[in-house]
Amino acid sequence: MAEITLLDGGMGQELIHRAGDRPTPLWSTQVMMDMPGIVQSVHEDYYRAGASVATTNTYAIHRDRLRGASNHYAVDGAEMPNIEDKFEALHDAALTEACAARDAVGSGRIAGSIGPLGASYRADLHPDHDTAVPLYREVAGLIGPRVDVLLCETVASLDAARSALEGALAAEKPVWISVTIDDEDGTLLRSGEKVADLAAILKDGAAAALANCSAPEAMPAALEQLAKAGLPFGAYGNGFTMITKAFLEGGTTAGDLKTRQDMGPENYAAHAMSWVDMGATILGGCCETGPAHIAEIARRLREAEHRIV
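Residues numbered from 1 in each chain as written. Predicted model: local features only at pLDDT ≥ 70, side-chain atom pairs only at ≥ 80, totals over all residues. Heavy atoms only, no water.

### Considerations on the sheet that holds strand 4 (residues 149-155)
Turning to step 1, where the next piece is worked out: Ordered by their spatial adjacency, nine strands build an open sheet running 2-3-4-5-6-7-8-1-9, and the pairing between neighbours is parallel. Two strands lie at the open edges of the sheet, namely strand 2 (53-55) and strand 9 (307-308), each paired on one side alone.
Turning to step 2, where the next piece is worked out: Relative to strand 3 (residues 109-114), strand 2 runs parallel, the two sharing three bridges. Within the sheet, the bridge partner assigned to alanine 54 lies in strand 3 and is isoleucine 110.
Turning to step 3, where the next piece is worked out: Taken strand by strand, helix 9 (residues 219-226) contacts strand 6 (208-212) and strand 7 (233-237), and its axis lies near 155° from that of strand 7. (Pairing = 2+ DSSP bridges. Helix = DSSP H or I, 4+ residues; strand = E, 2+ residues; numbered from the N terminus. Contact = heavy atoms within 4.5 Å. Axes fitted to C-alpha atoms, helices over the stretch in contact; angles between N-to-C directions.)

### Here we look at the pattern of salt bridges
Turning to step 1, where the next piece is worked out: Applying the stated criterion across every chain yields a total of 17 salt bridges.
Turning to step 2, where the next piece is worked out: In this structure, the salt-bridge partner of aspartate 92 is arginine 146, at a minimum N-O distance of 2.8 Å. Within this pair, whereas aspartate 92 is found in helix 5 (residues 87-105), its partner arginine 146 is found in the loop between helix 6 (129-143) and strand 4, the two being separated by 54 residues in sequence.
Turning to step 3, where the next piece is worked out: Given a relative accessible area of 41%, aspartate 92 falls into the partly exposed group.
Turning to step 4, where the next piece is worked out: Shared partners join several salt bridges into a network, and the residues in it are Arg63, Arg67, Glu84, Glu88 and Glu138. (Salt bridge = Lys/Arg side-chain N within 4 Å of Asp/Glu carboxyl O. Buried < 20%, exposed > 50% of the residue type's maximum accessible area, 1.4 Å probe, protein only.)

### Overview of the environment of leucine 150
Turning to step 1, where the next piece is worked out: You can see leucine 150 is positioned in strand 4.
Turning to step 2, where the next piece is worked out: When the C-alpha atoms of leucine 150 and isoleucine 114 are compared, they prove to be 7.2 Å apart, with 36 residues separating the residues in sequence.
Turning to step 3, where the next piece is worked out: Other than its neighbours up to four places away in sequence, leucine 150 contacts Gly112, Ile114, Ala140, Ile143, Gly144, Ala168, Ala171, Lys173, Pro174, Val175 and Trp176.

### Points about helix 5
Turning to step 1, where the next piece is worked out: Taking 1.5 Å as the rise per residue, helix 5 with 19 residues should run 27 Å; its terminal C-alpha atoms sit 28 Å apart, in good agreement.
Turning to step 2, where the next piece is worked out: Listed in full, the buried residues belonging to helix 5 are Phe87, Leu90, His91, Ala94, Leu95, Glu97, Ala98, Cys99 and Ala101.
Turning to step 3, where the next piece is worked out: For helix 5, the secondary structure elements touched by its buried residues are helix 2 (27-34), helix 3 (38-49), helix 4 (63-67), strand 3 and helix 6.
Turning to step 4, where the next piece is worked out: Remark: glycine 106 follows helix 5 within two positions and exhibits a positive phi of approximately 90°. (Expected span 1.5 Å × (residues − 1).)

### A word on the pairing of strand 4
Turning to step 1, where the next piece is worked out: Among the seven residues in strand 4, seven count as buried, and that is most of the element.
Turning to step 2, where the next piece is worked out: Sheet topology note: the strand 3/strand 4 ladder contains four bridges and is parallel. Its bridge partner lying in strand 4, alanine 111 is registered against valine 149.
Turning to step 3, where the next piece is worked out: For the crossover from strand 3 across helix 6 to strand 4, the handedness is right-handed.
Turning to step 4, where the next piece is worked out: Taken together, the four bridges between strand 4 and strand 5 (residues 175-179) define a ladder with parallel strand orientation. Opposite leucine 150, over in strand 5, you have valine 175 as the bridge partner.
Turning to step 5, where the next piece is worked out: Regarding topology, helix 7 (residues 158-169) serves as the crossover connection from strand 4 to the parallel strand 5, and that connection is right-handed. (Right-handed = clockwise from strand over helix to strand, strands pointing away.)

### Structural notes on the packing of helix 1 (residues 12-19) against helix 3
Turning to step 1, where the next piece is worked out: It is the contact of helix 1 with helix 3, at a shortest axis distance of 11 Å, that shows an interaxial angle of 115°. The handedness of the crossing between helix 1 and helix 3 is right-handed. Residues Glu14, Leu15, Arg18 and Ala19 of helix 1 form the contact with helix 3, whose participating residues are Ile38, Val39, Ser41, Val42, Asp45 and Tyr46. (Left-handed = near helix turned anticlockwise from the far one by under 90°.)

### Some points on the packing of aromatic side chains
Turning to step 1, where the next piece is worked out: Counted by the stated rule, this structure contains one aromatic pair.
Turning to step 2, where the next piece is worked out: Pairing tyrosine 268 with tryptophan 275 gives two aromatic rings, centres 6.0 Å apart and planes at 85°, and the pair type is edge-to-face.
Turning to step 3, where the next piece is worked out: Its end group placed over the ring of phenylalanine 87, arginine 63 keeps NZ or CZ at 4.1 Å from the ring centre. (Phe/Tyr/Trp six-rings, centres within 6.5 Å; stacked < 30°, edge-to-face > 60°. Lys NZ or Arg CZ within 6 Å of the ring centre and 35° of its normal.)

Right under this line is the structure:
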């Protein structure tokens, strides 16, 4: 029997399903302005499904993304509007909805999500260390006081891991670093660098080592390497189609990826339980996983007499 931290599942795709909107690079951010309360309802459903942690809807709230001036944020050739003036207000809205959900269900922890600068999966678009650290530090400072842990997600390169960790540690909260890995070779980051080389970076203050936003089949190879860091480790994978090398070249968004028909709650939970067998103590779901996936993992954990904490 082990103590398992059960994270929630995907937020962005779940919001699309509920709101019925076409995804854009800022869909999960825009919805907080257009449909207040929907994010809280997603958090509540995950808690009630068995998750012990709600991940704040702050992944995409970075100044570069809100500025929307770069071509890699364009949708159908039209650049996204500049809403950088809402930077602080959007963080506050996301935190308020997560806290309200926890209060509504009466228990649970909150992880403050810090997504990658530049763009998801694109190590080539991540700013240099000296530029990135203050930006990560600013976000960590805003959300740190209202969360239990800071979760730096979908980290695509060693340099991004180093920058995110340094910036997030300034908030004086536990920092979990979660990397996104090659869907075909889980020993590699999206940058092509080795997952094994993360250990030297994580020893400088990380509280957990995770892999996310990647194919479930690639996770075991990544977990073997992450375990060597000597930290609590785990994974939360995708339920949508493989992210190809062509996708990584740009010009598309997660909205262009399709849901995997073979990755429903039962199959996904089977993958997650295999990670527990490897020693993982932090589990959850990423894109295209929902409350039903988390409920099935929770059921299997209880059946195996693990304790969700």
